[in-house]
Amino acid sequence: MRTQYCGHLNKALVGQTVELCGWVNRRRDLGGLIFIDMRDREGVVQVVVDPDMKDVFEVANKLRNEFCIKFTGEVRARPDSQINKDMATGEVELLATGLEIINRAAPLPLDFNQNNSEEQRLKHRYLDLRRPEMSDRIKLRAKASSFVRRFLDDNGFLDIETPVLTKATPEGARDYLVPSRVHKGSFYALPQSPQLFKQLLMMSGFDRYYQIVKCFRDEDLRADRQPEFTQIDIETSFMNAEQVRGVTENMVRDMWQELLNVDLGQFPIMSFEEA
């Protein structure tokens, strides 16, 4: 249905006809023209609806915030006086030649321009996640996971998946239990940490492996802990402390540099005596 993402339109596409799918971020009716700020996961672009396109203009008059829509149109450069430097697509706009309303939206239970309570945001999570600050966090997390996998793969670590339904082991918190349908009165435990199978894998010769994995701990909430959370678990054998520090430091430093363009520099090392 789409040929481009809204946030990918730029001057290289000027003169081309494209199809965009997304949501109405904002609608402005200036009498002679209708301007639609259209949004998808990659960003926002301005769409211009000219009254000469009577069929399109008539449908555009019905648009409201968060309508799910499809626009067809020609990418054109904005005049120098109208370039919006605050938008990644601020040098171009789409002149609409076709418009389809895929789905209409009722009045929104969330106000996108104000702070909403946490209860409101969680109840209407599908709307909350449309907000750029929320979608940006999910995209950053995806990039971080991708970076970790690439970095550890390049350093000889294997990505090994271990069972989630397992035997209860004594650790720091209570286990979450899953009843067995086959064995009445017996339960599986959800792992509190992915290190349960470390010794088995190390003795089997898998001297470097990692997991980006869920952990489950039935304990009271803390500032940095939820009942389920994700951690990067790196397991090695035949490496000394300096080598382990080197791998993890390089991974963290390179991740911040690539994803946030922040140079953390060399990490300070504290001696045992000083600690």
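These notes cover the structure that comes with them. (Residues numbered from 1 in each chain as written. Predicted model: local features only at pLDDT ≥ 70, side-chain atom pairs only at ≥ 80, totals over all residues. Heavy atoms only, no water.)

**Some words on the packing of helix H4 (residues 132-154) against helix H6 (residues 241-260)**
Thinking step 1. H6 packs onto H4 with a crossing angle of 140 degrees between their chain directions and a minimal axis gap of 10 Å. As far as their axial angle goes, H6 and H4 are oblique. Crossing angle aside, the handedness with which H4 passes H6 is right-handed. Note on element contacts: H6 touches H4 through Val247, Asn250, Met251, Asp254, Met255, Glu258, Leu259 and Leu260, opposite Leu140, Lys143, Ala144, Phe147, Val148, Arg150, Phe151 and Leu152.
Thinking step 2. Split by residue class, the contact of H4 with H6 holds eleven nonpolar, one polar and four charged. (Axes fitted to C-alpha atoms, helices over the stretch in contact; angles between N-to-C directions. Helix = DSSP H or I, 4+ residues; strand = E, 2+ residues; numbered from the N terminus. Parallel < 35°, antiparallel > 145°, perpendicular 65-115°, else oblique. Left-handed = near helix turned anticlockwise from the far one by under 90°. Contact = heavy atoms within 4.5 Å. Nonpolar A, V, L, I, M, F, W, Y, C, P; charged D, E, K, R; others polar.)

**With respect to H6**
Since the α-helix turns once every 3.6 residues, residues separated by three or four places project in the same direction.
Thinking step 1. Its 20 residues place the ends of H6 28 Å apart at the C-alpha level, agreeing with the 28 Å of an ideal helix rising 1.5 Å per residue.
Thinking step 2. Every buried residue belonging to H6 is among Val247, Glu249, Met251, Arg253 and Met255, and all of these are buried.
Thinking step 3. On its buried side, H6 packs onto H4 and strand E10 (228-236).
Thinking step 4. Among the residues of H6, the N-terminal cap falls to asparagine 240, whose side-chain oxygen and the backbone nitrogen of glutamate 242 are separated by 3.2 Å.
Thinking step 5. Immediately downstream of H6, the backbone of asparagine 261 shows phi near 55 degrees, a positive value. (Expected span 1.5 Å × (residues − 1). Buried < 20%, exposed > 50% of the residue type's maximum accessible area, 1.4 Å probe, protein only. Polar contact = N/O pair within 3.5 Å; in protein donor to acceptor, adjacent residues only side chain to side chain.)

**Notes on the sheet that holds strand E9 (residues 208-216)**
Thinking step 1. Across the sheet, three strands lie side by side as E6-E9-E10; this open sheet has mixed pairing. In this open sheet, the two strands that pair with only one neighbour each are strand E6 (158-159) and E10.
Thinking step 2. Of the strand pairs in this sheet, E9 and E10 are connected by nine bridges, and their pairing is antiparallel. Paired with lysine 214 across the bridge in E10 is threonine 230.
Thinking step 3. Contacting E6, E9 and E10, H4 crosses the sheet at an angle of about 150 degrees to E9. (Pairing = 2+ DSSP bridges.)

**Let's talk about the pattern of salt bridges**
Thinking step 1. With the rule as written, the count across this model stands at 20 salt bridges.
Thinking step 2. Here arginine 150 ties to glutamate 258 by a salt bridge, and the two come within 3.1 Å at their closest N and O atoms. Of this pair, arginine 150 sits in helix H4 while glutamate 258 is found in helix H6, placing the two residues 108 residues apart along the sequence.
Thinking step 3. Of the charged contacts in the structure, one is a salt bridge between lysine 198 and glutamate 235, with a shortest N-O distance of 3.2 Å. With a gap of 37 residues between them, lysine 198 in helix H5 (residues 198-203) and glutamate 235 in strand E10 connect regions that are remote in the sequence.
Thinking step 4. One salt-bridge network, held together by shared partners, links Arg121, Arg125, Asp128, Arg131 and Glu133. (Salt bridge = Lys/Arg side-chain N within 4 Å of Asp/Glu carboxyl O.)

Everything listed here is a matter of geometry and, on its own, says nothing about what the molecule does.
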